[in-house]
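Geometric and topological summary
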Amino acid sequence: MGLLGGYGTMLLTRTGLLSTGDALRITVQRKSCCKSRKQVAAAKPVWRFWLEGERAQAFLTTSATTAWFLIRWLTLAFVIESLMTAWLPPEVIARWLGTGPFAIPLAVLIGVPVYINGLAAVPFVAGLIQLGMSAPAGLAFMLATTATGFAAMTAVWALVRPKVFALYIAFAVIGALLAGYVYAVVLAAV
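Residues numbered from 1 in each chain as written. Predicted model: local features only at pLDDT ≥ 70, side-chain atom pairs only at ≥ 80, totals over all residues. Heavy atoms only, no water.

A word on the overall build of the chain. Helix and strand counts for the chain stand at nine helices and zero strands. From first element to last, N terminus to C terminus, the chain shows the α and β order α-α-α-α-α-α-α-α-α. If you take every contact in the chain between residues at least 6 apart in sequence, the share linking residues at least 24 apart comes to 77%. (Helix = DSSP H or I, 4+ residues; strand = E, 2+ residues; numbered from the N terminus. Contact = heavy atoms within 4.5 Å.)

Set out below in structure tokens:
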């Protein structure tokens, strides 16, 4: 999925469909390459930002903004997960995702909004497979949920503009679908 995203982004950039200049939400300050070695050696970083009013204020403002962003979206993610756990038992998911032409796309569709980290995804999917979920659908679900986990999406959203964020989600979905279908072909051939 990383290769798909990397090469896909490179292709979109080279064809002019994606501009790297306006992809980031943050501004990158470029340091001068023309400083002498003495100037570079003399410049010592000041790590005690709290001693400087402007830097301390910037830290507090950024921390509060980030915390509020995380609290809102984590709360939503946990509410959705608890509703899914309460109202959509794993047996039902396993029955829908057992076999058939829609098992892999449905697994990806369900896996994208579900908040399961990489460590919890393996035993969760193993349990679903034991309940009847197909192994290719399990792989697609696991890849979709870990690639679009809340922490990953929050980090990407904070750095890039909405168009690039949508591209990130698209590559995650396409990658999970491809992996599921390739795995199904391999299992059928064995």
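A few words on the packing of aromatic side chains. Taken as a whole, this structure holds two aromatic pairs when the rule is applied. Relative to F165, the ring of W157 has its centre 5.0 Å away and its plane inclined at 85 degrees; by these criteria the two rings are edge-to-face. When the centroid spacing of 6.2 Å and the interplanar angle of 35 degrees are considered together, the rings of F165 and Y168 count as tilted. Of this pair, F165 and Y168 both sit in helix α9 (residues 162–189), three residues apart, which is roughly one turn of that helix. Within the aromatic cluster, the residues linked to one another by ring pairs are W157, F165 and Y168. (Phe/Tyr/Trp six-rings, centres within 6.5 Å; stacked < 30°, edge-to-face > 60°.)

Right, let's get into the pattern of salt bridges. Summed over all chains, the structure comprises one salt bridge. Residue E52 is joined to R55 by a salt bridge in which the shortest nitrogen-to-oxygen separation is 3.6 Å. Assessed through its relative accessible area of 34%, E52 is described here as partly exposed. (Salt bridge = Lys/Arg side-chain N within 4 Å of Asp/Glu carboxyl O. Buried < 20%, exposed > 50% of the residue type's maximum accessible area, 1.4 Å probe, protein only.)

Buried within helix α5 (residues 103–111) are the following residues: A103, I104, A107, V108, I110 and G111. End-on, the buried residues of α5 take up no more than an arc of 165 degrees, which puts them together on one face. (Arc of directions from axis to C-beta.)

On to the confidence of the model for the chain. In the predicted model, the chain carries a mean pLDDT of 80, and 83% of its residues have values of at least 70. Looking across the chain, the model is least confident in helix α2 (residues 37–42), with a mean pLDDT of 57, and most confident in α9, with 92. (pLDDT = per-residue confidence, 0-100.)

Here the focus is the layout of surface pockets. Empty space within the second largest pocket amounts to approximately 230 Å³. Around the second largest pocket sit T9, T13, L18, T20, A23, V156, V160, V164, L167, Y168 and F171, which together line it. For the lining of the second largest pocket, the elements supplying multiple residues, two or more each, are α1 (2–14) and α9. Among the elements that take part in the lining of the second largest pocket, α9 stands out by supplying four residues, more than any other. (1 Å grid on protein atoms, 1.4 Å probe; cavity = no way out; pocket = protein on both sides within 12 Å on 5 of 7 lines; lining within 4 Å. Points joined across faces, edges and corners; volume = space filled by probe spheres on them.)

Our next topic: a nonpolar patch on the surface. Together, V182, Y183, V186, L187 and V190 make up a nonpolar patch on the protein surface, roughly 470 Å² of accessible area in all. Relative to the helices and strands, Y183 is located in helix α9. The exposure class assigned to Y183 is partly exposed, which follows from its relative accessible area of 32%. (Patch = residues over 30% accessible without salt bridge, like charges linked within 9 Å, V, L, I, M, F, W, Y side chains within 5 Å. Areas by Shrake-Rupley, 256 points an atom, 1.4 Å probe, with all protein chains shown as cover.)

In terms of nonpolar packing, the biggest core is built from 19 residues, with L97, V108, M133, A137 and F141 touching the most fellow members. When contributions to this core are tallied by element, the ones reaching two or more residues are α5, α6 (118–130) and α7 (135–147). When sequence neighbours within four positions are dropped, the list of residues in contact with A137 reads L97, A103, I104 and A107. Within the second largest apolar cluster, ten residues are counted, among which are L18, M153, V156 and F165. (Core = buried A, V, L, I, M, F, W, Y, C linked by side-chain atoms within 4.5 Å.)

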